[in-house]
Amino acid sequence: MKYKSIALDGPSGSGKSTLAKRIAKHFNMIYVDTGAMYRAIGLFVFRSGVDSKDENAVSGLLGQIKLRMKYDDSGSQRMLLNGEDVSEAIRLPEISTYASNVSALPVVRKFLLGMQQDMAKSSDVIMDGRDIGTVVLPNADLKIFITADENARALRRFKELKAKGVDTSLEDVAADMAQRDKNDSEREAAPLRAAKDATLVDTTELDFEQSFQALVQLVSEIS
């Protein structure tokens, strides 16, 4: 049996994760948040007190890491790190830098690649990240690159964090996002970029419902 796969890439704060979750529910697919995987590793590195840019040091920790995804009663994805639900902890601002740094390490990307690809072999999936269409699922049935301008993305992320009770400022969020954009775009291992055959969706001027409908139309064409 051939399962359908959708690759949804884009920069931080573009709305891809929220949209991917809604699309997954609408089309009865499995949502795979690859960013949460890198964040979980970043959290483990942070807690271990290791330099997140030191590939040898980070590599030495990978054998201690067991990741698992589960879905709660509402269908929301939860990330388990060595049995601990870290779904909220991995979203803290200080973990973003660690996630960005470890995601630039080839040894970490190799560690997660097989796990991610296996998911697409066993279910209909929509997978979001930064290199899904270019590296993880290069033969995906549909590739979408979703983006928005920096100001719109920073404001969205700021509102998201404030809703979760995180004490931060729009300026700090914008600075963190700009740094992550730079890191993700300039890294040697699987840099952030749109696949050549990806459809570009700019959500700067779209609200969530309009963005969702734009993606529904694209997915319907392969369903």
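See the structure above.
Residues numbered from 1 in each chain as written. Predicted model: local features only at pLDDT ≥ 70, side-chain atom pairs only at ≥ 80, totals over all residues. Heavy atoms only, no water.

> Tell me what's going on with the packing of helix 2 (residues 34-48) against helix 3 (residues 55-62), and back it up with residues and numbers.
Between two packed helices, both the angle of their axes relative to each other and the distance between the axes serve to describe the pair. Axis separation between helix 2 and helix 3 bottoms out at 11 Å; the angle between their running directions is 105 degrees. By the criterion of interaxial angle, the relationship of helix 2 to helix 3 is roughly perpendicular. Residues I41, F44, V45 and S48 of helix 2 form the contact with helix 3, whose participating residues are V58, L61 and L62. Here the residues of the contact of helix 2 with helix 3 sort into six nonpolar, one polar and no charged. (Axes fitted to C-alpha atoms, helices over the stretch in contact; angles between N-to-C directions. Helix = DSSP H or I, 4+ residues; strand = E, 2+ residues; numbered from the N terminus. Parallel < 35°, antiparallel > 145°, perpendicular 65-115°, else oblique. Contact = heavy atoms within 4.5 Å. Nonpolar A, V, L, I, M, F, W, Y, C, P; charged D, E, K, R; others polar.)

> An account of the environment of K143 is requested, with residue identities and associated values reported.
Relative to the helices and strands, K143 resides in strand 7 (residues 142-147). On the basis of relative accessibility, which here comes to 8%, the residue K143 falls in the buried class. For the pair K143 and A198, spaced 55 residues apart in the sequence, the C-alpha separation amounts to 4.6 Å. What K143 contacts, discounting residues up to four positions off in sequence, is A7, G133, L137, P138, A195, D197, A198 and T199. From its side chain, K143 meets the backbone oxygen of G133 in a polar contact 3.2 Å long. (Buried < 20%, exposed > 50% of the residue type's maximum accessible area, 1.4 Å probe, protein only. Polar contact = N/O pair within 3.5 Å; in protein donor to acceptor, adjacent residues only side chain to side chain.)

> Tell me about the sheet that holds strand 2 (residues 30-33), and name the residues and values.
For sheets, the rule is that strands pair by backbone hydrogen bonds, running either parallel or antiparallel. Strand order in the open sheet formed by five strands is 2-6-1-7-8, with parallel pairing between adjacent strands. The outermost strands of the open sheet, each flanked by one partner alone, are strand 2 and strand 8 (199-202). Adjacent strand axes in the sheet meet at a mean angle of 20 degrees, parallel and antiparallel pairs treated alike. Here strand 7 runs beside strand 8; their pairing, made up of four bridges, is parallel. Opposite F145, over in strand 8, you have L200 as the bridge partner. Sheet strands touched by helix 2: strand 2 and strand 6 (125-129). Its angle to strand 2, the strand with the most contacts, is close to 40 degrees. (Pairing = 2+ DSSP bridges.)

> Please provide a residue-by-residue account of a negative patch on the surface, values included.
The grouping of D149, E150, D202 and E205 at the surface amounts to a negative patch. Along the chain, the position of D202 falls in strand 8. Exposure remark for D202: the relative accessible area of 44% places this residue in the partly exposed category. (Patch = residues over 30% accessible without salt bridge, like charges linked within 9 Å, V, L, I, M, F, W, Y side chains within 5 Å. Areas by Shrake-Rupley, 256 points an atom, 1.4 Å probe, with all protein chains shown as cover. Salt bridge = Lys/Arg side-chain N within 4 Å of Asp/Glu carboxyl O. Lys, Arg positive; Asp, Glu negative; His and termini not counted. Charge placed at Lys NZ, Arg CZ, Asp CG, Glu CD.)

Read these as spatial facts, not as claims about activity.
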